[in-house]
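# Geometric and topological summary
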Amino acid sequence: PEYTHLSVTVMNTSVLWSDQVPDRDGVRNPINDVAISPDGTRVIVAVGNRVLLYNAETGDLLESLRGHKDTVYCVDFSFDGSKFASGGADKIVVIWKITGQGMLKYNHTASIQSVKYNPVTMQLASCSEVDFGMWTPEQKQVVKEKVHSKILCAAWSSDGSILALGMMNGWVSIRNAQSDELHHIERRAPVWCLEFVPSMGNASGSQKPGAGNSSPSGGGDNDLLVVGCWDKTLSLYRINSTAHRIQGERPLRFYPCALSIANLGGNRTNYMVIGGSNKKVNLYSRDGLRLSELCSRDSWIWGCASHGDSDKVVVGCDSGGISLLQMKFDVVHTLYKDRYAFRENLTEVVVHHLISDRKVRIKCRDYVQRLSLYKNKLAVQLSDKVCIYESNPEETLDMHFRLRRERIQQSANIPCEHMLVTSQSILFCSSNVIQLYSFDGQLQRSWMLESSICYVKMNGGPDGREAVLVSLYNGVTYKVFVDNPFPLELWRSSNPVRCADLSLNRDKLAVVDSEKKLLVIDLKTRDTLFQADGAVSVCFNAEVDEMLCYSGESSMFVVSGISARSDEATDGTQAAGTYKNQSSQEPQEQHLSGIAIGFSGQKIYCLYNNNMLGMDVPQGGNMMKLIEKDDYKAAYHVACLGATEGDWKVLALRSLRANHLDIAKAAFARLKDSKFLHLIEEIERDVGDGAKASKEPQAPAKDSSAGSAPRRGRHAVASNPTPAPTTSITTKSFLDPSWHAEILAYQGHHHEAAKVYARAGRVDAAIRLFTDLRMWNDAKMFAQSLSSSDKAAAFDHSALVQQQAKWLEEINDWKGAAEIYSSMGSYMQAAKIISEAAPETGWQTALIDVVRAAPADQTDVLSFCGEVLSQANEDAMAREAYTKLGDISKLMSLFVKRQMWVEAAKLADDHEGKFDSSVFLPYADWLIMQDRCEDAMQAYKKAGRQDLSRKILEELTFNSVVESRFKDSSYFYWLLAKELSDGTDTRYQLECEHNADLYFAYANINSYVTDPFTSHPPELLFQVSRFIINSLGSSETIPYGISKAATLYTLARQSMLLGAFKLARHTYDRLSKLQIPPRWQEEVERDMLIVQAKPVRDEPEHLPVCYRCSSTNPLLNPFTNKFAKGDVCTNCGHPFVRSFINFDILPLVEFVPEPSISDEEAIELIRTNPASGRNRPVGSPDKSGWNEGKMGDADMMQFGSLDSTEDMMGSSTELRGGIPSEELFPMCLNRTLETQMNAMSYVPVTVDTATLLHGMKRSEVFVCRPSSQNKRATFYKNMLPEIEIAISQSCHRFFHLEDFEFAYLSNKACPFSRLKDVGEYGSL
């Protein structure tokens, strides 16, 4: 229906609390100023010489602060509400905490007239009669500026960048936050009050603290400065940093004394609250228009302050009264169909089209009191007139409202509590009188009713004949036609009616009385069709006659199917006027809040928190209940109100199954589902053909193989054809089961459809359903299930699979076809299909799957796949194919062709002897290109090219020496020596061994003289230098890269540090004969002078001792003895065995067994020594009485003497002649020394069998096993067993045990040979 709703517009101002300051000595205490905190919880009042602090919520006086000695004139809160300030006639400004405690105070030279806090910072402006000051917590002193006139008031812009000062001479000084004057405004009278109105975009409050305010052209440029002048005017100025411009000036008819900015309810615009000599507080718009009176007092208003984000105002008057007011404006709005008009900012009207969400704003520039909207007419009641606006009646979406020339003047003289507009007139309702006025203000008709009017609503009708629904306080509801002087009574209730509405067909009336009881009455029979309790408002649906909604206490309810009692019910069980719920269902609760004032289609328009909301109501429940009752037509009508897509789909499918084809077609058309529409057309044709066939003889069905292809539909060949229905396609009848199967298939329920086909005897159609959809697995499973249940003959599953594979091949689905062929065992066919699809993505994976699935005996398939993959550069997959095939030759050809040398080498190693140098030579060349020289050397060896391997090694050695990589040089020389261990060039092998030792040692010297920082200890450098000099001897040939000067320099420096001054003298003398670098020259000369003052001797502890002959050797070998060649003992020529980490001399003496004793026999004799390393005569027990020995291959321990053991081992005691075992080796040593005196070279100690068996302890013997069979092992005896020694069998170099283990754990390899396998590094 066409409806209108509006609210009564009355300005309600209530006093939350008030207080009266008592007189003092018979003199009243005027309120000079008031302020309210930003959070609205505290109020401060300046009265007398005190500052009163109130609780804003309760009005309780919290504190009466005595911080001033004279009258307090002004107060103000900081932006965060944590502090407030006060100033007065005592020339003092006091800063207070919010709790009432004083923080600090400072003075001016005259009385303080105004204090104002910056709205975004803690900056305080204090103004006196002669100057003003700026205070911040960071400043120790207040900076003051002189003024030429008394300051009466002050105000900050919303961003805190501009300060305005109102003065006694009528000037308004505009200054920035640094107190600099930008410009001024000149008025004709004192400026007693002024404020900045924030811009529209910042209406709800000031900027946040900390926002930038350094520039005076910030947000303050958009603020409006309102000036209250005592020439009884209110002026508005637009202020910026350079100029000002007046926006308007309004007469006031009183002296403005207090001005504050209000923001009602957090609205986006602002209002002004002004009080003064008229003893009233008025509300003004931001444009200076008076809107309403807030309160009236018995004296001048000196102070008023509003809370920025609420509707509270504090008022203080000259008589000492303090009040906290709360402003409240009732919502003014009106609704007609989908257009909603409401008041905004008190002076504007917004018309909102709820469907398109378009809005138009009408600025009335006056206080809007009432609104009424009907069709294309909008009536706006202002303070002194009613304006009529209209839009284009031919365009339903036209939102451009134009003001008509006609208007009703002096509307205040017309009694009006409700106002309604029609197409040609306006209705004013007051008390029990309704008056009808034309648009030009002529009274046309009036109605006087028996009771006061409590509710009115437009009910629509033709132009000039509209009807109005009127409810009275006595419970009577009338229908008043504007062209009829006689109202029509519709219903009479015992309680006042607060809401009423008529249905779409005007035959049902819904009323809600004051007891919140809802009644729906049939206006023809006067029966109560529906009733409910707890209702607040009610409205019928504008599109469905039998549907309404009503608002409860916290929810809304929708009731559908409200219909009048059938006239055919003649059972006589119900009397007229009695209640019987005629609704087809119970009220459907909607969890929506608000008051329902309109219901159109699926949208409910409700008023919630003074806002109009249009909310969609789901109709799915109502529709489903109608479907359950088989009322598809009504269900379709309900769905048209606004069902969801899912609801439409349910309705369409249910009506299709129920054979309501017309409804199903309409529903699927809504869904734009073309496939179901096509199915419905086929069903309609089938039903029509069946109706014709029922009248004529039916021809026998033809075989499906002749003519066109078979169909799954109704006309497909069936074993038991069902006769076509003879009823109309729009009446409810049963569909053929085949069509039910088709419907299920269209829904995607293919298995259910196949079952329906099978139950109807259409097994072929069920199988064809799956094959047409290419659901091959489902077709096979379905056929198998039918075969197992004896419902049909067994199907040829292989034929289905073959058909599926051919179809996939036809559509170029090579992957699916290959999978099927593979599952059938046709691997070659699958491989060929995949190879033909080589450019496609993923063919490689598919082909390797064939390789993995094919048996190993199908060599043709594997060979074909390997060749295809190899040509496509898919090496890993081709390798897998050839590996499964077992064709090593093709696999090696692949590796060589692709230069996959690592794999080729591994394959050659696994099949040793099958491949020649044709594989390893190119592999070695490739390794050389990859800078993997050591691996290349191994490859050359495997190819039988030892010469190339040695050539690479020699080049590596030479390059490392040239590049001063002496550790690498040592390593490569050692490798060369190892290469020559076959005895082909013994001299060159010894030279390489010698160079390896020298370069390994010289690496420390090079690091010492070249690195800026070194961690080598002096002892190490001392031993290394001696080793190199002694090893070089007197030979003039020095290995390339080794500097003799650097070695002597290092030795001299370390000798000075260690106290070997004699050696230092000698070294410096030799060094002086050499050419040394200039950077050493000065240092060497200085040290040569210093050493002259030192004693000519060496510390005895540094002199080396030979552990073979026990002679003390000089620090440097003088090479005067024929045995003194190199780093050897100058007495006996025994080579010093050094630790190749710190190069200390180890207590090792070389010995050899007699020629008649082989190395293995000697090692076995040492290991079978019955003394086992004990320091006692052989055969005597130890202190504990135990004696160890060996009998055959068994270790034996016996308590007591070994007499019995000796008997078993032979006459060993007799061989020894009773000599202690520890003296056997010294005897051999002395015998060798005596023999060596006549020899021309060094002779190692030769030991016999008895010495090996009884004079050697296995824990003291070390053996260097030979690198070839034609050489003998070298044996060493540790002369000082307490010194633990380790040997690296990979390189035959000795080390201190602890140093070796640490180096091996750090590098995971031998420090000299770099091999991880160091063998048994301990003694025997």
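Residues numbered from 1 in each chain as written. Predicted model: local features only at pLDDT ≥ 70, side-chain atom pairs only at ≥ 80, totals over all residues. Heavy atoms only, no water.

### Observations concerning the pairing of strand E20 (residues 233-239)
Where burial is concerned, most of E20 is hidden: six out of the seven residues are buried. Of the pairings in the sheet, the one linking strand E19 (residues 224-229) to E20 comprises six bridges and is antiparallel in character. Within E20, the position partnered with Gly228 by the bridge is Leu234. The antiparallel hairpin formed by E19 and E20 contains three residues in its connecting segment, where Lys232 sits at a positive phi of about 60°. (Buried < 20%, exposed > 50% of the residue type's maximum accessible area, 1.4 Å probe, protein only. Helix = DSSP H or I, 4+ residues; strand = E, 2+ residues; numbered from the N terminus. Pairing = 2+ DSSP bridges.)

### Description of the side chain of Ser1288
With respect to the secondary-structure elements, Ser1288 resides in strand E62 (residues 1285-1288). Residue classification places Ser1288 among the buried positions, given a relative accessible area of 0%.

### What about the pattern of salt bridges?
Think of it this way: side chains of opposite charge can pair up when their charged atoms draw near. Applying the stated rule across the entire model yields 37 salt bridges. The partner of Glu1260 in a salt bridge is Lys1277, with the nearest N and O atoms 2.9 Å apart. Of the two residues, Glu1260 is situated in the loop between helix H31 (1249-1255) and strand E60 (1261-1264) and Lys1277 in strand E61 (residues 1274-1278); the sequence distance between them amounts to 17 residues. Exposure class is identical for Glu1260 and Lys1277. Each is buried. (Salt bridge = Lys/Arg side-chain N within 4 Å of Asp/Glu carboxyl O.)

### As for the packing of aromatic side chains
Per the stated rule, a full pass over the model turns up 36 aromatic pairs. Seen in terms of ring centroids, Phe966 and Tyr999 are 5.9 Å apart; in terms of plane orientation they differ by 10°. Their pairing is stacked. Linking Phe966 in helix H21 (residues 966-979) with Tyr999 in helix H22 (residues 986-1010), this pair joins segments that are 33 residues apart in sequence. Classification of Phe966 as buried rests on a relative accessible area of 3%. (Phe/Tyr/Trp six-rings, centres within 6.5 Å; stacked < 30°, edge-to-face > 60°.)

### Digging into the sheet that holds strand E56 (residues 1148-1153)
As summarised here, the arrangement of the four strands in space is E59-E56-E61-E60, forming an open sheet in which the pairing is mixed. Every other strand in the sheet has two partners, leaving strand E59 (1245-1247) and E60 as the edge strands with one partner each. For this sheet the average axis-to-axis angle between neighbouring strands, irrespective of direction, equals 40°. Taken together, the four bridges between E60 and E61 define a ladder with antiparallel strand orientation. Opposite Val1263, over in E61, you have Phe1275 as the bridge partner. Running at roughly 20° to E61, helix H27 (residues 1159-1167) makes contact with E56, E60 and E61 of the sheet. Against the sheet, helix H30 (residues 1224-1236) contacts E56, E59 and E61, and its axis sits at roughly 130° relative to E59. (Axes fitted to C-alpha atoms, helices over the stretch in contact; angles between N-to-C directions. Contact = heavy atoms within 4.5 Å.)

### Regarding the confidence of the model for the protein chain
When pLDDT is averaged along the protein chain, the result is 79, and 79% of the positions lie at 70 or above. Below a pLDDT of 50 lies the segment residues 1-10, which in the model reaches 51 contacts outside its immediate sequence neighbourhood of four places, other chains included. Counting contacts from residues 691-732, a segment whose pLDDT is below 50, to residues more than four positions away or on other chains yields 52 contacts. (pLDDT = per-residue confidence, 0-100.)

### Quick look at the pairing of strand E34 (residues 377-381)
Of all five residues making up E34, five are buried, and the element is well covered by its neighbours. Note: strand E33 (residues 370-374) against E34, five bridges, orientation antiparallel. Bridging from a neighbouring strand, Ser372 pairs with Ala379 of E34. Linking E33 back to E34 in an antiparallel pair, the connection comprises two residues, with Lys375 at a positive phi of about 50°. Across five bridges, E34 lies against strand E35 (residues 385-390) in antiparallel orientation. The residue bridging Gln381 from the neighbouring strand is Val386, located in E35.

### Brief notes about the sheet that holds strand E54 (residues 603-608)
Spatial ordering of the open sheet is given by E53-E54-E55, a layout of three strands whose pairing is antiparallel. Of all the strands in the sheet, the pair left with one neighbour each is strand E53 (595-600) and strand E55 (611-616). The average angle at which neighbouring strand axes cross in this sheet is 25°, direction not considered.

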